[in-house]
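Chain and residue survey
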Amino acid sequence: MRPSIAEHLFGIGRLLDAVAEDPGLSEASRRLLSDATKQLARLAAGADERGRFVDWDNAATLAVLADLDGLDLDLDLLAADAVARNGQLRQMLVTALETLGEHEAGARAQITRHLRHRVDANPALNKQPRYPSEDD
């Protein structure tokens, strides 16, 4: 679909750059605009990768939750929309961590490992997201 989300964000950044050229702006306002355009550029750079990330994260989170024993998580009630499903799955991870006893260190380690992989793969946090290999 054209223009893409990334193209929209880059366009907004160009508008903010034009506003920053106003000679009447204070230096503080210029710094704020500069910070905003940097954040928009970062979001734009990862926008096209976002769908891949959400799909990967949903599958990886489901795999982690499926491996946890003794949790009463109803995976059949998950939303069809990938982004909504992602939010539900992240909440299930929180519930799992709250439910797991201290003696279940292996399950906690598995969740922690997944969350670290999630940070590495998140395009909003990384210019070059790294998805874990099957060996990780």
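Just above, that's the structure.
Predicted model only: the values in this text are computed from it and were never measured.

What counts, and at which threshold
- Residues numbered from 1 in each chain as written.
- Predicted model: local features only at pLDDT ≥ 70, side-chain atom pairs only at ≥ 80, totals over all residues.
- Heavy atoms only, no water.
- Helix = DSSP H or I, 4+ residues; strand = E, 2+ residues; numbered from the N terminus.
- Rg over C-alpha atoms; globule rule 2.2 N^0.38 Å.
- Buried < 20%, exposed > 50% of the residue type's maximum accessible area, 1.4 Å probe, protein only.
- Areas by Shrake-Rupley, 256 points an atom, 1.4 Å probe, with all protein chains shown as cover.
- Contact = heavy atoms within 4.5 Å.
- Phe/Tyr/Trp six-rings, centres within 6.5 Å; stacked < 30°, edge-to-face > 60°.
- Salt bridge = Lys/Arg side-chain N within 4 Å of Asp/Glu carboxyl O.

Further remarks concern the overall build of the chain. The helix and strand inventory of the chain stands at five helices and zero strands. Going from N to C terminus, the chain has its helices and strands arranged as α-α-α-α-α. Relative to the globule expectation of 14 Å for 136 residues, the C-alpha radius of gyration of the chain, 20 Å, shows a markedly less compact shape. C-alpha extents for the chain along the principal axes are approximately 65 × 35 × 30 Å. Within the chain, buried positions represent 29% of all 136 residues. Of the roughly 9,100 Å² of accessible surface on the chain, 53% is carried by carbon and sulfur atoms.

Turning our eyes to something else, we now look at the side chain of Thr37. Its place among the elements puts Thr37 in helix H2 (residues 27-47). On the accessibility criterion, Thr37 (15% relative accessible area) is buried. Discounting chain neighbours no more than four positions away, the residues touching Thr37 are Gly13, Leu16 and Asp17.

Further remarks concern the packing of aromatic side chains. In the structure shown here, the tally under the stated rule is two aromatic pairs. Judged by centre distance (5.6 Å) and plane angle (75°), the rings of Trp56 and Tyr131 are edge-to-face. Note that Trp56 is positioned in helix H3 (residues 50-67) and Tyr131 in the segment after helix H5 (105-121), a separation of 75 residues in sequence. There is no split in this pair, since Trp56 and Tyr131 are both buried. Ring pairing ties together the aromatic residues Phe53, Trp56 and Tyr131, which thus form one cluster.

This paragraph deals with the pattern of salt bridges. Under the definition given, this model contains three salt bridges. Glu49 serves as the salt-bridge partner of Arg52, at 3.1 Å between the closest nitrogen and oxygen. Exposure remark for Arg52: the relative accessible area of 51% places this residue in the exposed category. Among the salt bridges present, the one from Arg118 reaches Asp57, with a minimum N-O distance of 2.7 Å. Residue Arg118 is found in helix H5, and its partner Asp57 is found in helix H3; the two are separated by 61 residues along the sequence. Of the residues examined, Arg118 reaches a relative accessible area of 15% and is grouped as buried. Given the relative accessible area of 0%, Asp57 is considered buried.

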